[in-house]
Amino acid sequence: MSAGSLAGVVPVLTVGVLTCSMPAVSRPTVQFGVRVPGERAGSPVIRRERRAYYWRTAVIGVCCTVAAVMTRDYGSWWLPKIILLLELGADLSCFLVARRQIAAVKNADGWFAGRRQTVVADTGWRDDPPRFPVRWMIPALAVMAATAVVGALRYRGLPAHTATVFLGHRVSKSALSALIVAGQLYFTTVLSGLMLIVHRSRPDIEAADPAASALRYRRFLAVITRALLIMAALADLGLLLIALSDWQVYRLSGIGRALPVVPFAAGVLLLGVVAARMGQGGSRLNGNVRGLALAAGTDRDDDRFWKAGLVYVNRDDPALVVAARFGVGWMLNYGNPVAWLLIAGFAAWWAGLAVFGAAAGL
Amino acid sequence: MLLSIEPDGPVPIYQQIRDRIVEAIARGRQPAGSALPPIRQLAVDLGVNFHTVNKGYDLLRQEGLLRLGRKSGAVVRRDASSGPPDPGWAQDWAGRLRTLLAEAAAQGMPATGIVRECEAAVADFTFPAASEAWQGSGSPP
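Residues numbered from 1 in each chain as written. Chains lettered and ligands numbered in written order. Predicted model: local features only at pLDDT ≥ 70, side-chain atom pairs only at ≥ 80, totals over all residues.

1. Regarding the interface of chain B and chain A
Point 1. Facing 21 residues of chain B, the contacting portion of chain A comprises 22 residues.
Point 2. Looking at the side of chain B that touches chain A, the elements with two or more residues in it are β1 (2–5) and α2 (39–46) of chain B.
Point 3. Top element by residues in the side of chain B that touches chain A is α2(B). It accounts for seven residues.
Point 4. Classifying every residue of the side of chain B that touches chain A gives 13 nonpolar, four polar and four charged. (Contact = placed C-beta atoms within 7 Å. Helix = DSSP H or I, 4+ residues; strand = E, 2+ residues; numbered from the N terminus. Nonpolar A, V, L, I, M, F, W, Y, C, P; charged D, E, K, R; others polar.)

Encoded structure:
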């Protein structure tokens, strides 16, 4: 298997594993994007839909991975992407089917009827806010500095045009170097910037167990931020390995050419392990701190603000990011105009990169 | 301080914010001189509009429990140890309490039940600091 075909198969396999494991790391009180009371988390409809989702997404993942492996030698760049899109679409359909079934039973049986639905804020969170681990940015910055130093040393000795590992054709050395630096800047600034925003956003506190869930969220935020900053360093390292190959510092052949993929894969694996151990908002952490404060009721049934159970739109909520409903992570509040500014910024970055790439013949 | 509200409840959200802060002051969790979260921050943490929190804080300011400054932010102005309240306020409060008790009686709540609820509330909001302050300045109102 060549480096190019491996790069086509790995994303299909990764997406298959990640989407299949999503329900296991989500909050028990949010099942397939549907808010449920804590004592309903084990109800028959939820157990049935979780089982069905695992089977369906596992079969989809296996089929798509096999298809990607079997079609790897056709040499077309778009075929793996089509398979990946089909896989994502099929997984999304499985999610929506499970969501519809659970929401139907929830509404029919009135799971939230007569309950005291509350939102809890911990004002002490702002007196002693979680600190952003600035020192954990050092590995990413060190890799970027190393890239700049090696690039400066090698640049003069390079031919005007050089062959790239993944594109397979020759491009100008200035365009290639600029692209590597832009990629490293992108990973480092986006991951650090997003986690800085998350540190200023509201903690994910459960009404049923407010004080303990605030503690668990604090632990979760500290660990996941460090994991993401390591992920940024590993992504930068992957780009450095691509650069070193393109700058003719080393030369590998066959499967060895896939070496730059290894740091990326290690980063994804690290995040997967952290997510599996902690769960969304630290929900899988040891519950031995329970009982610090009285229950403040049940979490508010806020399904109406979640489009398709995945996209948060609430114009009255000034929060920019909120805890994601499915899997581990955060979601932008699309009812906040700043979220659209951020998206415009991302779009401008990618558009600029595309224009630059086209002009440089990448 | 854990501050919980019911966004879909019958009581307006600004009123709930005001009530929870009054309870925190009564329990001694927000003593005089302590700072409350900035309006924007509390709005983000509760997922409600800025104006809603602002209205709740403004109610507390009008009642003399909060001081709102451009630099200092929202600071608790008085608590149980700050001495007896204004006589006018005590009279107004007694009137509101009578109306509340009348509502309970009109709804058919027995006198023993009303007294039990009142005792539970007094036990919840214990006033050791207030008792000392009142003893120093004469008899309670």
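2. Here we look at the packing of helix α5 (residues 138–155) of chain A against helix α6 (residues 173–200) of chain A
Residues and elements named next belong to chain A.
Point 1. Axis separation between α5 and α6 bottoms out at 10 Å; the angle between their running directions is 170°. Taken together, the axes of α5 and α6 lie roughly antiparallel to each other. Contact with α5, carried on its side by A140, M144, T147, G151 and Y155, involves K173, S177, I180, V181, Q184 and T188 of α6 and no other residues of that element.
Point 2. Classifying every residue of the contact of α5 with α6 gives five nonpolar, five polar and one charged. (Axes fitted to C-alpha atoms, helices over the stretch in contact; angles between N-to-C directions. Parallel < 35°, antiparallel > 145°, perpendicular 65-115°, else oblique.)

3. Some thoughts on the sheet that holds strand β6 (residues 298–299) of chain A
Point 1. Sheet architecture is open: three strands sit in the order β6(A)-β3(A)-β1(B), paired in mixed fashion. With one partner strand each, in any of the chains shown, β6 of chain A together with β1 of chain B form the two edges of the open sheet.
Point 2. Direction of pairing for strand β3 (residues 117–122) of chain A relative to β1(B): antiparallel, over a ladder of four bridges. When the bridges of β1(B) are listed, A:A121 appears paired with B:L3. (Pairing = 2+ DSSP bridges.)

4. Some words on the domain arrangement of chain B
Point 1. According to the domain assignment, chain B consists of domain 1 (13–79) and domain 2 (83–137).
Point 2. A straight line from the C-alpha centre of domain 1 of chain B to that of domain 2 of chain B covers 22 Å. (Domains from an automatic or database assignment.)

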